[in-house]
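Chain and residue survey
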Amino acid sequence: STSTATQQRQQRLQRYIENINAATNQYRAAYRVGASDATSLRQIGEHLMAVGDYEGAAQAYMRLTERNTEDRAGYERLAQAYIPLARYEQAQAAARRAIDLGNGYNPTAIVTLGDIARLRNQPEQATQQYNAALEQNPDQGSAYIGLGRLAADAGNWSVAAAHFQRGIVHESGSAEAHYWLA
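The present account deals with the structure reproduced in this document. (Residues numbered from 1 in each chain as written. Predicted model: local features only at pLDDT ≥ 70, side-chain atom pairs only at ≥ 80, totals over all residues. Heavy atoms only, no water.)

**With respect to the packing of helix H7 (residues 123-136) against helix H8 (residues 141-153)**
Helix packing geometry: the angle between the two helix axes and the distance between the axes. H8 packs onto H7 with a crossing angle of 155° between their chain directions and a minimal axis gap of 9 Å. As the angle between them shows, H7 and H8 are arranged roughly antiparallel. The two elements H7 and H8 cross, and the hand of that crossing is left-handed. Seen from H7, the contacting residues are Pro123, Ala126, Thr127, Tyr130, Asn131, Ala133 and Leu134; seen from H8, they are Ala143, Tyr144, Gly146, Leu147 and Leu150. Taken together, the residues that form the contact of H7 with H8 break down as nine nonpolar, three polar and no charged. (Axes fitted to C-alpha atoms, helices over the stretch in contact; angles between N-to-C directions. Helix = DSSP H or I, 4+ residues; strand = E, 2+ residues; numbered from the N terminus. Parallel < 35°, antiparallel > 145°, perpendicular 65-115°, else oblique. Left-handed = near helix turned anticlockwise from the far one by under 90°. Contact = heavy atoms within 4.5 Å. Nonpolar A, V, L, I, M, F, W, Y, C, P; charged D, E, K, R; others polar.)

**Some remarks on the side chain of Asp71**
Checked against the element boundaries, Asp71 lands in the loop between helix H3 (54-67) and helix H4 (72-82). Residue class for Asp71 comes out buried when judged on its relative accessible area of 7%. A polar contact is formed between the side chain of Asp71 and the side chain of Arg42, at a distance of 2.5 Å. Polar side-chain contacts of Asp71 include one of 3.3 Å to the backbone nitrogen of Ala73. Excluding residues that lie within four positions of it along the chain, Asp71 makes contacts with Arg42, Leu64, Thr65 and Leu101. (Buried < 20%, exposed > 50% of the residue type's maximum accessible area, 1.4 Å probe, protein only. Polar contact = N/O pair within 3.5 Å; in protein donor to acceptor, adjacent residues only side chain to side chain.)

**A short note on the packing of aromatic side chains**
Counted by the stated rule, this structure contains three aromatic pairs. Relative to Trp180, the ring of Tyr179 has its centre 5.8 Å away and its plane inclined at 85°; by these criteria the two rings are edge-to-face. Residue classification places Tyr179 among the exposed positions, given a relative accessible area of 60%. Taking the relative accessible area as the measure of exposure, Trp180 reaches 25% and is therefore partly exposed. Clustering of aromatic rings is evident, with ring pairs tying together Trp157, Phe164, Tyr179 and Trp180. (Phe/Tyr/Trp six-rings, centres within 6.5 Å; stacked < 30°, edge-to-face > 60°.)

**Here we look at the nonpolar core**
Across soluble globular proteins, you tend to see nonpolar side chains buried next to one another. Counting residues in hydrophobic clusters, the biggest one holds 36 residues, and the most contacted among them are Ala57, Tyr61, Leu78, Ala81, Ile116, Tyr130 and Ala143. Secondary structure elements with two or more residues in this core: helix H2 (38-50), H3, H4, helix H5 (88-101), helix H6 (107-119), H7 and H8. Not counting chain neighbours up to four residues away, the residues in contact with Ala57 comprise Gly45, Leu48, Met49 and Ala81. In terms of nonpolar packing, the next biggest core, distinct from the first, is built from seven residues, Ile145, Ala152, Ala160 and Phe164 among them. (Core = buried A, V, L, I, M, F, W, Y, C linked by side-chain atoms within 4.5 Å.)

**Regarding the environment of Gln90**
Along the chain, the position of Gln90 falls in helix H5. Taking C-alpha positions, Gln90 is 14 Å from Gly74, a pair spaced 16 residues apart along the chain. For Gln90, the side chain forms a polar contact with the side chain of Arg87, separated by 2.8 Å.

Here is the structure:
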């Protein structure tokens, strides 16, 4: 019956939530006891980002980049962890370090700079960053999504939709682009 099916779904959802909480607690414990190898720190950071613990993720990525000052991806993720915390100066510094480590080439970090500018209500600077990322990599879906967000912020929905559609072509799993197109 419908009520039994609903109860089964609720039980599965509850088990899923319990598993996520258990994994999160394990990652936090590993971090507290001093996980220090790059793989563990990256996994801890990725998991904490996925569950919305941006402060914990930032700490894991900070530890990672302190241990390996040449870890370009570590700096990219550190920058991305700082953004939801509104720690824009630190996010910019980490993104710029990632760009420097790529000898100027790092479209992901450049998009991060665009996101920071957009969040700071600097649309011209954000547009420049997104376009710079696309010059480096025309398949950088997140740059199209950023341009779409700027167009949506300006009320230009047809341009926004076009950017979101291009973002989906290059980044089909983007929930953000799908959300804005809905």
